[in-house]
Amino acid sequence: MNTPLDLATLRVVVAAAELGSISAASDRLQLAVAAASARVSALEESLGLRVFERSSRGVRLTPAGQLLVRRGRELLADSERLSVDLHDYAKGLQGHVRLVANTSAMLELLPAKLDAMTRAHPLIRIEVAEHGSLDIPLLLLEGRADVGIVDMVHAPHGIALQDCFGDTLVLVVHADHRLAGAEPMPLQHALEEDFITLHDGTALSSRLAISASLAQKPLKLRMQMRSFDAVCRMVAGGLGVAVLPLQAIGPQLASLPLRTVSLTDPWAARTHRIALRSGQDAAPATLTLVEFLLR
């Protein structure tokens, strides 16, 4: 008996896994609940195993279901990518690259690089999204992105890293702060201050937490913001200090009452890296973009 493992059924399974119920999945996919449930039941029957454990509270993936959803996301992403590529081909385009990058790369590297890339290769379409470095490997592994730029020292399983560009982390303080004009120092000398950081889950916030832990001092977290600009404005308002990449905050340093203090910690000198799925040949358009990023 053939397994009814088609893309429509995969979409139902993935949506139900994400939303916790087949009913919610049917709403998202605009299917009748009975039709969505029948697809899941037929799949389970033909496989001879359960994809979901059902209860009055909804559905939960079995171990086999977890494998199906993990691989299913990759297949759905490949299907969507194929559809986009064929659409682009019909319009005369020569490729479509999905680039995900951390905030530093967005500010420090990509404006000039993408401008040069689009001038040299106007028939390659580049889709760009900003994500935290710690989230990017999963997007690559699930097939939801083609290339990433991360602040990451060690490559996770299934990911290959290549050095791309560097920047320098500095302590950012108000112009009237007691540390303004101080000599270069380790971060631990500033740990008595209230800190304004990016939200949890970024490589930068993780570095600060680890550094404070190694110094056996608490990181006095006062605020968490979503952008470098917002962090700088809070520091300029006298609400705390921050650690940010010097190369990314030039406009704020020029317009706000801020000063920077160099940090002597080894981690303050960062290398951002290009991330690709290992063991897979990247598409020509992706390799062309990587070449431009490395120039």
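This text follows the structure it describes.
Note that the structure is a prediction, hence the values are computed from the model and not measured.

So, how was this worked out
Residues numbered from 1 in each chain as written. Predicted model: local features only at pLDDT ≥ 70, side-chain atom pairs only at ≥ 80, totals over all residues. Heavy atoms only, no water. Helix = DSSP H or I, 4+ residues; strand = E, 2+ residues; numbered from the N terminus. Buried < 20%, exposed > 50% of the residue type's maximum accessible area, 1.4 Å probe, protein only. Contact = heavy atoms within 4.5 Å. Lys, Arg positive; Asp, Glu negative; His and termini not counted. Charge placed at Lys NZ, Arg CZ, Asp CG, Glu CD. Phe/Tyr/Trp six-rings, centres within 6.5 Å; stacked < 30°, edge-to-face > 60°. Lys NZ or Arg CZ within 6 Å of the ring centre and 35° of its normal. 1 Å grid on protein atoms, 1.4 Å probe; cavity = no way out; pocket = protein on both sides within 12 Å on 5 of 7 lines; lining within 4 Å. Points joined across faces, edges and corners; volume = space filled by probe spheres on them. Nonpolar A, V, L, I, M, F, W, Y, C, P; charged D, E, K, R; others polar. Salt bridge = Lys/Arg side-chain N within 4 Å of Asp/Glu carboxyl O. Axes fitted to C-alpha atoms, helices over the stretch in contact; angles between N-to-C directions. Parallel < 35°, antiparallel > 145°, perpendicular 65-115°, else oblique. Core = buried A, V, L, I, M, F, W, Y, C linked by side-chain atoms within 4.5 Å. Expected span 1.5 Å × (residues − 1). Left-handed = near helix turned anticlockwise from the far one by under 90°.

A. Inspection of the overall build of the protein at higher detail. When you go through the protein residue by residue, the secondary structure sums to eleven helices and eleven strands. Expressed along its principal axes, the backbone C-alpha trace of the protein runs to roughly 75 × 50 × 30 Å. Taken across its 295 residues, the protein has 44% of its residues classed as buried. Within the protein, counting contacts between residues at least 6 apart in sequence, those at least 24 apart form 72% of the total. Measuring between centres, the 29 positive side-chain charges of the protein sit 2 Å from its 31 negative side-chain charges.

B. Quick peek at the packing of aromatic side chains. The full count for this structure, using the stated rule, is zero aromatic pairs. Sitting above the plane of the Phe292 ring, Arg295 keeps its charged end 4.0 Å from the centroid.

C. Seen up close, empty space enclosed by the protein. The tally for this structure, following the rule as stated, stands at one cavity of 30 Å³ or more. Space inside the largest cavity adds up to approximately 40 Å³. Contributing to the lining of the largest cavity are Ile196, Thr197, Leu198, Thr202, Leu204, Ser205, Leu208, Val231, Val243 and Leu244. Counting residues per element, the ones that place at least two in the lining of the largest cavity are strand 7 (195-198), helix 8 (203-214) and strand 9 (242-245). The class makeup of the residues in the lining of the largest cavity is seven nonpolar, three polar and no charged.

D. A look at the pattern of salt bridges. The tally for this structure, following the rule as stated, stands at 19 salt bridges. Between Arg60 and Glu53 there is a salt bridge; the shortest N-O distance is 2.9 Å. According to the relative accessible area criterion, Glu53 is partly exposed, its value standing at 39%. Residue Asp163 pairs with Arg273 through a salt bridge whose shortest N-O separation is 2.8 Å. In this pair, Asp163 sits in strand 6 (residues 159-174) while Arg273 sits in strand 11 (residues 269-277), placing the two residues 110 residues apart along the sequence. Relative accessible area serves as the criterion here: at 49%, Asp163 is assigned to the partly exposed category. Where salt bridges share partners, they join Glu18, Arg28, Arg73, Glu142 and Arg144 into one cluster.

E. Looking closely at the packing of helix 1 (residues 7-19) against helix 3 (residues 33-47). For the pair helix 1 and helix 3, interaxial distance at closest approach is 9 Å and the crossing angle is 105 degrees. Overall, the two elements helix 1 and helix 3 adopt an arrangement that is roughly perpendicular. Here helix 1 contributes Ala8, Thr9, Val12 and Val13 to the contact with helix 3, which in turn contributes Ala36, Arg39, Val40 and Leu43. Looking at side-chain class alone, the contact of helix 1 with helix 3 contains six nonpolar, one polar and one charged residues.

F. Molecular detail of the nonpolar core. Core analysis: the biggest nonpolar cluster contains 34 residues, and Leu171, Leu187, Phe195, Val231, Val243, Leu244 and Trp267 have the highest contact counts within it. Taken together, the elements giving at least two residues each to this core come down to strand 6, strand 7, helix 8, helix 9 (228-236), strand 9 and strand 10 (258-262). Look past the residues within four positions of Leu244 in its chain and what remains in contact with it is Thr168, Leu169, Val170, Val172, Leu204, Phe228, Val231, Cys232 and Ile249. By size, the runner-up hydrophobic cluster in this structure holds 21 residues, among which are Ile126, Ile149, Phe165 and Phe292.

G. Inspection of unusual backbone geometry at higher detail. Although it is not a glycine, Gln30 sits at a positive phi angle of roughly 60 degrees. Along the polypeptide, Gln30 turns up in the loop between helix 2 (22-29) and helix 3. You can call Gln30 exposed: its relative accessible area is 74%.

H. How the structure looks around helix 8. The terminal C-alpha atoms of helix 8 lie 16 Å apart, and with twelve residues this matches the ideal 16 Å at 1.5 Å per residue to within 8%. Buried residues in helix 8 make contact with strand 6, strand 7, helix 9, strand 9 and strand 11. One or two residues past the end of helix 8 sits Gln216, with phi positive at roughly 55 degrees.

I. Region of the structure containing the packing of helix 2 against helix 3. Contact pair helix 2 / helix 3: the axes reach a minimum separation of 9 Å and the direction vectors enclose 115 degrees. Every pair of crossing elements has a handedness; the one defined by helix 2 and helix 3 is right-handed. Of the residues in helix 3, those in contact with Ile22, Ser23 and Ser26 of helix 2 are Val33, Ala36, Ser37 and Val40.

J. Examining the side chain of Lys113 more closely. Checked against the element boundaries, Lys113 lands in helix 6 (residues 110-120). Put simply, Lys113 is tucked away with no salt bridge, and the nearest opposite charge, on Glu291, sits 10 Å away. Apart from residues lying up to four places away in sequence, Lys113 is in contact with Phe292, Leu293 and Arg295.

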